[in-house]
Amino acid sequence: MTARPRVAVIGAGAAGLATLKALADAGVPAVAFETADTVGGLWVYGSPGSPAYRTLHLNTSKGRTQFADHPMPEHWPDYPGHDRIAGYLADYADRFGLREGVRLRHTVERVARTADGGWTVHATGPDGPVHLDVEAVVVANGHNRAPKWPDPYPGECAAEQLHSHDYRGPEQLAGRRVLVVGGGNSAMDIAVDASYAATRTLLSLRRGVWVVPKYLLGRPSDTLNGALARRLPWRLRQRISQTMLTATVGPPARYGLPTPAHGFLQDHPTLSDGLLSRLTHGDIQARPGIARFAGERVEFTDGRSDEVDLVIWCTGYRVEIPFLDPELLGDGADRLPLYRHVFHLDAPGLAFVGLMQSTGAAFPLVEAQARLVAGWLAGTWSPPDRTRQEAACRAELRAATTRWGQRRPHMRVDFDAYLTELERELAAGRRRAEVRR
């Protein structure tokens, strides 16, 4: 880089790289701090802090996952593995000359506001402490790094316990009596792995989830909902999609899984081709929630009990941003009101890219968020006044709570609706910027 950075980007995974690209396109000098020794974030298998496991693949199809300005190769499978995605992000960084703006092996310890309205980033790198004064900070380091363990259950568990964050491959399961706890994509992947490697595999779910095969009607399943999303409101899409899923796959109870209390599209989709097949063959046995432990015996809420020697908790992650002043995070990073899920209402110069949970892929959304940030810093996009920003945040929270309940409504976005909203916001903000000039 030849110009002094105006912006510090924290993280060089998909969100951080998309932000660097958008800032470079807008002519805004920036630098990124990345803890790992390479770019790519969580997709780099074996990188410190990455939760990637050997059998990890996309659970959204490549056409719905790729960046708009960097399509994935046509000859790739619809659901590429982690190695291809890590390579894809590395190629993205090389193609657009982003690596020279990334400081690898630099861990951000603290970000503080300065008296003149700017920010100071305090980091530790290979050569010691680093302090950088910038005009703005973009937090783009993801939220899948702090494992969330469950609250203790009654009794004492004598089985080995592992969080999915530390799962790396089926060899960890060989010959074990495995209990996988959770209903998300990682839980389904690990349960399928265990069904081939373990002596016995149990899958425990406290609440029902909709399990979607990766193909429906001969097409990647997320492309069908995407086609509906361009024409129909989510409640109507829900009825159509749920009817289609039930007709083609059957209800979850058909496989011994609990019936979901919520409708389809009211939680993050759980996609798996292998799970339902392994359940119907008896290679995975479904169980309800855990009631208590008694040594290596686990008792379930339906009265059944089983002996296990390995429990894998697929219970998600805490959303933590330890380098920011807690006052900036209010009631917590997962409850932070952000204008369009990007801009801090009370701290000019602080933005977030990727602090959300989408019904679909993340890459196109962080790409669109990054363009908003770049337009703002380049002066080609302006937000509305504070009152309208607050009103937009309240309206989004009401809608998200209606749809998703109390499961992190501040962070929830509908992939297609949000992408459309960001496109409209970019256009509206450009008009506001022209008027103000």
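Everything below is about the structure shown above.
All figures in this text were calculated on a predicted structure; none of them were measured in a lab.

The rules behind these values
- Residues numbered from 1 in each chain as written.
- Predicted model: local features only at pLDDT ≥ 70, side-chain atom pairs only at ≥ 80, totals over all residues.
- Heavy atoms only, no water.
- Phe/Tyr/Trp six-rings, centres within 6.5 Å; stacked < 30°, edge-to-face > 60°.
- Helix = DSSP H or I, 4+ residues; strand = E, 2+ residues; numbered from the N terminus.
- Buried < 20%, exposed > 50% of the residue type's maximum accessible area, 1.4 Å probe, protein only.
- Lys NZ or Arg CZ within 6 Å of the ring centre and 35° of its normal.
- Pairing = 2+ DSSP bridges.
- Axes fitted to C-alpha atoms, helices over the stretch in contact; angles between N-to-C directions.
- Right-handed = clockwise from strand over helix to strand, strands pointing away.
- Contact = heavy atoms within 4.5 Å.
- Lys, Arg positive; Asp, Glu negative; His and termini not counted.
- Salt bridge = Lys/Arg side-chain N within 4 Å of Asp/Glu carboxyl O.
- Core = buried A, V, L, I, M, F, W, Y, C linked by side-chain atoms within 4.5 Å.
- Expected span 1.5 Å × (residues − 1).

1. Quick look at the packing of aromatic side chains
Item 1. According to the stated counting rule, one finds 14 aromatic pairs in the structure shown.
Item 2. Relative to Tyr88, the ring of Phe67 lies with its centre 6.1 Å away and its plane at 20°, an arrangement referred to as stacked. Here Tyr88 lies in helix H3 (residues 82-95) and Phe67 lies in the loop between helix H2 (62-65) and H3, a separation of 21 residues in the sequence.
Item 3. Taking relative accessible area as the criterion, Phe67 reaches 1% and is therefore assigned buried.
Item 4. When its relative accessible area of 2% is taken as the criterion, Tyr88 is described as buried.
Item 5. Following the ring pairs from residue to residue traces out a cluster consisting of Phe67, Trp76, Tyr88, Tyr92, Phe96 and Phe363.
Item 6. Over the ring of Tyr79 we find Lys214; its NZ or CZ atom is 4.9 Å from the centre of that ring.
Item 7. Above the plane of the ring of Tyr196 lies Arg278, whose end atom (NZ or CZ) is 3.7 Å from the centre.

2. Some words on the sheet that holds strand E19 (residues 297-300)
Item 1. The four strands lie next to each other as E9-E18-E19-E20, forming an open sheet whose pairing is mixed. A single partner strand is all that each edge strand has here, and the edge strands are strand E9 (155-157) and strand E20 (305-307). Looking at each pair of strands side by side, their axes are set apart by 35° on average, direction ignored.
Item 2. Note: E9 against strand E18 (residues 290-295), three bridges, orientation parallel. Pairing of Gly155 across the sheet is with Phe293, part of E18.

3. With respect to the pairing of strand E2 (residues 30-34)
Item 1. Counting buried positions along E2 gives five out of five residues, so the element sits mostly inside the fold.
Item 2. Here E2 shows no split at all, with Ala30, Ala32 and Glu34 on one side and Val31 and Phe33 on the other all buried.
Item 3. Two elements, strand E1 (residues 7-10) and E2, share four bridges in a ladder whose sense is parallel. Bridging across to E2, Ala8 finds its partner in Val31.
Item 4. In this region the chain leaves E1, passes through helix H1 (residues 14-25) and returns to the parallel neighbour E2; the handedness of that crossover is right-handed.
Item 5. With three bridges connecting them, E2 and strand E3 (residues 102-104) associate as parallel partners. Residue pairing for E3: Glu34 is matched across the bridge by Leu104.

4. What to know about the environment of Val180
Item 1. Inspection of the secondary structure assignment puts Val180 in strand E11 (residues 177-181).
Item 2. Classification of Val180 by relative accessible area gives buried; the value is 0%.
Item 3. Sequence separation between Val180 and His163 is 17 residues, and the spatial gap between their C-alpha atoms is 9.7 Å.
Item 4. In this structure Val180 touches Ala187, Ile190, Ala191, Leu202, Leu203, Ser204, Ile312 and Cys314, once residues within four positions along its chain are discounted.

5. Structural notes on the side chain of Lys62
Item 1. Within the secondary structure, Lys62 sits in helix H2.
Item 2. An unpaired buried charge is present at Lys62: no salt bridge exists, and Asp78, the closest side chain of opposite charge, is 5.0 Å distant.
Item 3. With sequence-adjacent residues up to four places away left out, Lys62 is seen in contact with Met72, Pro73, Glu74, His75, Trp76, Pro77, Asp78 and Pro80.

6. What to know about the sheet that holds strand E5 (residues 119-125)
Item 1. Spatially, E4-E5-E6 is the arrangement adopted by the three strands of the open sheet, whose pairing is antiparallel. Each of the sheet's edge strands pairs with one partner strand only, and the pair in question is strand E4 (107-113) and strand E6 (128-134). Ignoring strand direction, the axes of neighbouring strands in this sheet form an average angle of 20°.
Item 2. In the sheet, E4 pairs with E5 via six bridges, with the strands oriented antiparallel. Bridge pairing in E5 links Thr107 to Thr124.

7. Overview of the nonpolar core
Item 1. Grouped together as the largest cluster of nonpolar side chains are 94 residues, with contacts concentrated most on Phe67, Leu203 and Leu257.
Item 2. Considering every element that reaches this core, the biggest residue donor is helix H9 (residues 363-378), with nine residues.
Item 3. When near neighbours in sequence (up to four residues on either side) are disregarded, Phe67 contacts Ala14, Ala18, Tyr88, Leu89, Tyr92, Phe363, Val366 and Glu367.
Item 4. One finds Trp119, Val130, Val139 and Leu329 within the second-largest nonpolar core, a separate group that totals 28 residues.

8. Some points on the pairing of E19
Item 1. Burial of E19 is one-sided: the residues Val298 and Phe300 facing one way are buried, the residues Arg297 and Glu299 facing the other way are not.
Item 2. Strand direction decides the pairing type here: E18 and E19, joined by four bridges, are antiparallel. Each residue of the ladder has a partner; that of Ile290, found in E19, is Phe300.
Item 3. Between the end of E18 and the start of E19, which pair antiparallel, lie one residue.
Item 4. Relative to E20, E19 runs antiparallel, the two sharing three bridges.

9. Concerning H9
Item 1. The first and last C-alpha atoms of H9 sit 22 Å apart over 16 residues, in line with the 22 Å expected at 1.5 Å per residue.
Item 2. A large share of H9 lies buried, amounting to 13 of its 16 residues.
Item 3. A positive phi of about 85° marks Gly379, the residue just after H9.

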